[in-house]
Amino acid sequence: MDFNMNQSELINRKLIHGGDIYSARETLGKMENPPELIDFSANINPLGLPEGVKKALTEAAGSFDIYPDPLCRDLVRQLAEQEGVTAEWILCGNGAADLIFRMVYAVKPKKAMVLAPTFAEYEEALNAVSCRVVYHRLDSESGFRAGEELLDVLDGGLDMLFLCNPNNPTGQLMKKEFLYKVALKCRELGILLLIDECFNDFLDEPEAYSVKEYLKDFNNLVVLKAFTKIYAMAGIRLGHCMTSNEALKAKIRMVGQPWSVSSPAQTAGMQAIKEKEYLLETKKLIRTERDYLILELQKNGLEVIASGANYIFVRYHQNEGTSLHEQLFDKGILIRNCDNYHGLGPGYYRICIRKHEDNVKLVEALQDITGRNQRI
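Residues numbered from 1 in each chain as written. Predicted model: local features only at pLDDT ≥ 70, side-chain atom pairs only at ≥ 80, totals over all residues. Heavy atoms only, no water.

Side note on the sheet that holds strand E9 (residues 302-306)
Spatially, the four strands line up as an open sheet ordered E9-E10-E13-E12, and their pairing is antiparallel. The open sheet terminates on both sides in strands that have one partner only, identified here as E9 and strand E12 (336-337). Where E9 and strand E10 (residues 311-316) come together, four bridges link them in antiparallel fashion. Of the residues in E10, the one forming a bridge with Val-304 is Val-314. (Pairing = 2+ DSSP bridges. Helix = DSSP H or I, 4+ residues; strand = E, 2+ residues; numbered from the N terminus.)

Examining helix H8 (residues 176-189)
Structural remark: α-helix, 3.6 residues per turn; residues separated by three or four positions point the same way. Compared with the 20 Å implied by 1.5 Å per residue over 14 residues, the 20 Å span of H8 between its first and last C-alpha is a close match. The set of residues buried in H8 consists of Lys-176, Phe-178, Leu-179, Val-182, Ala-183 and Cys-186. Down the axis of H8, the buried set is contained in an arc of 145°. They therefore lie on one face. Following H8 by one or two positions, Gly-190 has its phi on the positive side, about 75°. (Expected span 1.5 Å × (residues − 1). Buried < 20%, exposed > 50% of the residue type's maximum accessible area, 1.4 Å probe, protein only. Arc of directions from axis to C-beta.)

Comments concerning the sheet that holds strand E6 (residues 192-196)
Sheet architecture is open: seven strands sit in the order E2-E8-E7-E6-E5-E3-E4, paired in mixed fashion. One side of each edge strand has no neighbouring strand; the edge strands of this open sheet are strand E2 (90-93) and strand E4 (132-137). Taking each pair of neighbouring strands and ignoring which way they run, the sheet shows an average axis angle of 20°. The strands that helix H9 (residues 246-254) touches are E2, E6 and strand E7 (221-226); relative to E2, the one it contacts most, it runs at about 15°. (Axes fitted to C-alpha atoms, helices over the stretch in contact; angles between N-to-C directions. Contact = heavy atoms within 4.5 Å.)

A closer look at the confidence of the model for the protein chain
Averaged over all residues, the pLDDT of the protein chain equals 92, while 92% of them reach at least 70. Scored below 50 in pLDDT, residues 8-14 makes six contacts in the model with residues more than four places away or belonging to other chains. (pLDDT = per-residue confidence, 0-100.)

Thoughts on the environment of Ala-42
Inspection of the secondary structure assignment puts Ala-42 in the loop between strand E1 (38-39) and helix H3 (51-60). Distance in space between the C-alpha atoms of Ala-42 and Arg-350 is 9.0 Å, their sequence separation being 308 residues.

Section: the nonpolar core
Core analysis: the largest hydrophobic core is formed by 90 residues, its most contacted members being Leu-163 and Val-182. Once residues lying within four places of it in the same chain are set aside, the contact partners of Val-182 are Leu-150, Leu-151, Leu-154, Leu-161, Leu-163 and Leu-193. Judged by nonpolar contacts, the second largest core, of 28 residues, contains Val-104, Ala-106, Cys-198 and Val-222. (Core = buried A, V, L, I, M, F, W, Y, C linked by side-chain atoms within 4.5 Å.)

Notes on the environment of Tyr-348
Among the secondary structure elements, Tyr-348 is positioned in strand E13 (residues 348-352). Between the C-alpha atoms of Tyr-348 and Leu-302, which are 46 residues apart in sequence, the distance is 9.8 Å. With sequence-adjacent residues up to four places away left out, Tyr-348 is seen in contact with Ser-140, Phe-144, Ile-305, Phe-313, Val-314, Arg-315, Arg-336, Asn-337, Cys-338 and Asp-339.

Considerations on the side chain of Thr-170
In this structure, Thr-170 sits in the loop between strand E5 (160-164) and H8. Residue classification places Thr-170 among the buried residues on the basis of a relative accessible area of 0%. Within polar-contact distance, the side chain of Thr-170 engages the side chain of Asn-167 at 3.5 Å. In contact with Thr-170, not counting residues within four places along its chain, are Pro-117, Phe-144, Ala-306, Tyr-311 and Phe-313. (Polar contact = N/O pair within 3.5 Å; in protein donor to acceptor, adjacent residues only side chain to side chain.)

Some remarks on the packing of aromatic side chains
The tally for this structure, following the rule as stated, stands at 13 aromatic pairs. When the ring of Phe-119 is compared with that of Tyr-122, the centres are 5.4 Å apart and the planes differ by 80°; the resulting orientation is edge-to-face. The same class applies to Phe-119 as to Tyr-122, namely buried. On the numbers, 6.4 Å between centres and 35° between planes, the contact of Phe-199 with Phe-202 is tilted. Across the pair, Phe-202 and Phe-199 agree in class, each one buried. Counting every residue linked through ring pairs, the aromatic cluster contains Phe-119, Tyr-122 and Phe-162. Positioned over the ring face of Phe-40 is Arg-354, at 5.7 Å from the centre of the ring. (Phe/Tyr/Trp six-rings, centres within 6.5 Å; stacked < 30°, edge-to-face > 60°. Lys NZ or Arg CZ within 6 Å of the ring centre and 35° of its normal.)

Here you go:
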């Protein structure tokens, strides 16, 4: 970290994700007649926080004056049953990002590999320990899909490899059979493999892509999940990682503060696990609205590259003028501009799937914009 950076530079360096509605509201608030803000930049379940979770939090509020269980024992027992793994392999944290940083602090890798493009938090965590980051660049010709060539670039000089499945922001998927081969190669070379499955529960066939069943075979494998996206609990902060390497899990625990998971978060997590109908309704909504949005985006000149989860990765070819995300923002619609991802550039965007009434407003805004702009 450069301590000579001014405050503005530090803030801009950290606010690298979607979902920054606070800055957006500040900017829109300066307009004479600001439009209503609709956030398509954060990949959160459009159904919002489950009603059962809201009720559980209200009923448990009287117990929030005591310290939370630092081991999250009740929550871990329920997670073990849901995930089909032993409770001893699970560690909870203050969201997935907390566990990413703690894992890096625990391992202190000297050299690590990430995909380009992929979720920025991996690199942020690696930079925090002065780790050398190398990129496996995904190309547009393959739709930014990772394939067998990844196996060829792995070498014994790597300490860690981060994979996101589905990948963020591209939405591209890696089958578990391919990931098994990656895990084998990593074990052979002594590489710790972290596979981020935070969007797996949105998939129509999550079991075809999850590597949880391989945890028993690989002590170099860590699987990361979170309640953030699938249960719309971004503000509550709850995630968990799973590994059969209990010595590694102990190190990850040691580098975090003891009460990293609040009592409200534990309460919310235990109730969310029970919300089976909510998950079914979520998948039905995502499936229907994904089909609708893909068709409408394509009608308006956007190239749909992938849509494996609850978001759609697109490219918009524009000759000149104000960029698409800026034009949409002027109409109160926030999408994720992806030009700050390694391996991408201007014209790439990620658009989350929301309820139909919001998706219609996005389409209407696009129709207005693309009717004025020249396409190539």
